[in-house]
Amino acid sequence: MNSTAPGKNDTFKFLPSVDELLRSETGRRLTSEGGAQRLTALARTVIDELRDVLKDRKGNELSKASVLMEAETRIAGIWAAELGSGLRRVINATGVIIHTNLGRAPLSDGAREALASVAGYCNIEYDLETGRRGTRGARVESMLRELTGAGDAIVVNNCAAAAFLVLSVFAAGREVVISRGELVEIGGDFRVPDVLSRSGAVLKEVGTTNRTRIADYEKAISETTAMILKVHPSNYRIVGFTAMPSINELAELAHRKDIILYEDAGSGVVSNLTSIGLGDEPVIKDTIAAGADIVTFSGDKLLGGPQSGIIVGRAELIETIRKDPLYRALRVDKLVYAALEATLDAHLRGAAFVEIPVLRMLSLSADDIADRSHQFAAAVTKPELNIEVIRGNSAVGGGSAPMVQPDTMLIALEHTSLSADQLESKLRKSDPPVISRIVDGRVVIDLRTVSKDEESDLTRILSAI
Ligand SMILES: *Cc1c(COP(=O)(O)O)cnc(C)c1O
């Protein structure tokens, strides 16, 4: 069969022109939203699609008006999908606190205000005292020195950039000694061996996956060794028959051999989190005090701030980094400094557990969440929705503390006519989108990661389903 056979192509006469589609009611509305150039391109796409569809239809089923209506529906659909793929606020009802797909750490109120206030002009590199050029990030760096006890600090785009920068500056063309147990992949495509080799450093593996001794490190150090690298195993744990030298032992060895001890700590804990079950996470101040020369960590994991990579360590090493052209390529902008400054300020004031959402959410007990969940369940009046409050677990997420799964209470939802998958999808497509989980065939909502301000949105959305 030939699609250009006479009779078939007659249906093309019902196709609207690009201009006709743009002049339709939908066309005019979308053009005013998105601009003529983009909507013209979309109109062409839609008409091409319809040409394909029409070649298989019969002329007597069609009219100019019905085809135009179909074109309007299609262009509105494409435009809505395009808008929906942009960045939007979502409600995280998953109970995963540092959810990398949902933007990791939600910022504190102080950080949000700080972002907005410097969005126009600000004194990022201007000294208001002297009226001369100022130093970028000076305040954040001094706060980081205070929080960690390090000689100096510097901030780059993320922890992967921080590790890449440290290795490039100090270890390119030289050897980096690392335990086999730490050659890991940590969330979001960060693979220690790949970052190492891309920086030009040469990997020197020592020990075994579960046990590495100080003597293993010592034997591996030679003339060409630049540093010992210690990587915090953020998202996994080796348990059982294990051994790893302490930071103190590694520092003693590194300094005796005149090389650098660098720890990639990852999650960025600046005060002891034993009270919330995170006693396993290295506290940056302790690592520095134990003799590490350089420590790197993320700004948007347990620190609770914006995406950034923080490097702290001996002042002369940080100064070498500051002068390297690669630092210029990896530096952060005023928005990051503003949000980070506000976050660090909350830590320094001792207000972190009150003001920083990540730590506040982590410190909620299952009882706190149970009270909120029962109140919430009572507020949703929807006969088609069967609501039950059940026990469950939240997660830290973001490749931090995999063994810690705080007890929580979950709001389990069952709909009389929708399946769990359908209900999950409806929540995800609401405004704002609600991201939930399915546990044992039921959609569940964990209020641990839902702020009080978001509860009214959530009640409205559930009542409207
Ligand atoms: C998370 C993590 C990284 C990557 O940090 P980003 O800020 O996501 O680039 C690197 N190293 C460790 C140990 C981590 O935990």
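Thresholds, definitions, all that
- Residues numbered from 1 in each chain as written.
- Predicted model: local features only at pLDDT ≥ 70, side-chain atom pairs only at ≥ 80, totals over all residues.
- Heavy atoms only, no water.
- Axes fitted to C-alpha atoms, helices over the stretch in contact; angles between N-to-C directions.
- Helix = DSSP H or I, 4+ residues; strand = E, 2+ residues; numbered from the N terminus.
- Parallel < 35°, antiparallel > 145°, perpendicular 65-115°, else oblique.
- Contact = heavy atoms within 4.5 Å.
- Pairing = 2+ DSSP bridges.
- Salt bridge = Lys/Arg side-chain N within 4 Å of Asp/Glu carboxyl O.
- Buried < 20%, exposed > 50% of the residue type's maximum accessible area, 1.4 Å probe, protein only.
- Phe/Tyr/Trp six-rings, centres within 6.5 Å; stacked < 30°, edge-to-face > 60°.
- Lys NZ or Arg CZ within 6 Å of the ring centre and 35° of its normal.
- Expected span 1.5 Å × (residues − 1).

**Brief notes about the packing of helix H2 (residues 25-34) against helix H3 (residues 36-54)**
Between H2 and H3, the least distance of the axes is 7 Å, while the angle of their chain directions is 135 degrees. As judged from the angle between their axes, H2 and H3 are oblique. Here Leu 30, Thr 31 and Gly 34 of H2 come into contact with H3, specifically with Ala 36, Arg 38 and Leu 39.

**Section: the sheet that holds strand S5 (residues 152-156)**
The strand order across the open sheet built from seven strands is S5-S13-S12-S11-S10-S6-S9, with neighbouring strands paired in mixed fashion. Looking at which strands have only one partner, the edges of the open sheet turn out to be S5 and strand S9 (202-206). Within this sheet the neighbouring strands show an average axis-to-axis angle of 25 degrees, counted without direction. The sheet contact formed by strand S6 (residues 175-179) and strand S10 (residues 225-231) spans three bridges and is parallel. Counterpart to Glu 175 in the pairing with S10 is Thr 225.

**Thoughts on the sheet that holds strand S16 (residues 407-415)**
The four strands lie next to each other as S14-S16-S19-S18, forming an open sheet whose pairing is antiparallel. The two strands at the open ends of the sheet, each matched to only one other strand, are strand S14 (385-393) and strand S18 (437-439). Neighbour to neighbour, the strand axes of the sheet diverge by 40 degrees on average, direction disregarded. Set on the sheet, helix H18 (residues 420-428) makes contact with S14, S16, S18 and strand S19 (442-446); between it and S19 the angle comes to about 40 degrees.

**Describing the pattern of salt bridges**
Oppositely charged side chains are able to pair whenever their charged atoms sit close together. Scanning all chains against the criterion turns up 33 salt bridges. Note that Glu 125 is salt-bridged to Arg 133, the shortest N-O span being 3.0 Å. On the basis of relative accessible area, Glu 125 is assigned to the partly exposed category, the value being 23%. Between Arg 428 and Glu 424 there is a salt bridge whose closest N-O contact spans 2.9 Å. One end of the pair, Arg 428, and the other, Glu 424, are both in helix H18, four residues apart, so they sit about a helical turn from each other. Judged by its relative accessible area of 15%, Glu 424 falls in the buried class.

**A short note on the environment of Val 332**
Of note, Val 332 is situated in the loop between helix H13 (325-330) and helix H14 (334-348). Taking the C-alpha atoms as reference points, Val 332 and Val 156, separated by 176 residues in sequence, lie 5.5 Å from one another. Apart from residues lying up to four places away in sequence, Val 332 is in contact with Arg 136, Val 155, Val 156, Asn 157 and Tyr 337.

**A few points about the packing of aromatic side chains**
Enumeration according to the criterion identifies zero aromatic pairs in this entry. Above the ring of Phe 241, the side-chain terminus of Arg 211 is found at 3.8 Å from the ring centroid.

**Section: helix H7 (residues 159-171)**
In a regular helix each residue adds 1.5 Å, so 13 residues correspond to 18 Å; H7 covers 17 Å between its end C-alpha atoms and thus fits that length. Judged by how many residues are buried, H7 sits mostly within the fold: ten of 13 residues are covered. What H7 keeps buried is the set Cys 159, Ala 161, Ala 162, Ala 163, Leu 165, Val 166, Leu 167, Ser 168, Phe 170 and Ala 171. Gly 173 lies just past H7 and shows a positive phi near 75 degrees.

**Re the environment of Val 396**
One can find Val 396 in strand S15 (residues 395-397). For the pair formed by Val 396 and His 99, sequence separation is 297 residues and the distance between their alpha carbons is 8.2 Å. Aside from chain neighbours lying at most four places away, what touches Val 396 is Val 96, Ile 97, Ile 98, Leu 278, Leu 302, Leu 362, Ala 401 and Val 404.

**Quick look at the pairing of strand S13 (residues 309-313)**
Counting buried positions over the five residues of S13 gives five, a clear majority of the element. Side chains Gly 309, Ile 311 and Gly 313 of S13 all project onto a buried face; the interleaved residues Ile 310 and Val 312 project onto the opposite face, where all are buried too. In terms of strand pairing, S5 meets S13 through five bridges, oriented antiparallel. Within the sheet, the bridge partner assigned to Ala 153 lies in S13 and is Val 312. Pairing of strand S12 (residues 294-298) with S13 involves five bridges; the strand directions are antiparallel. Considered in S13, the bridge of Val 295 is made with Val 312.

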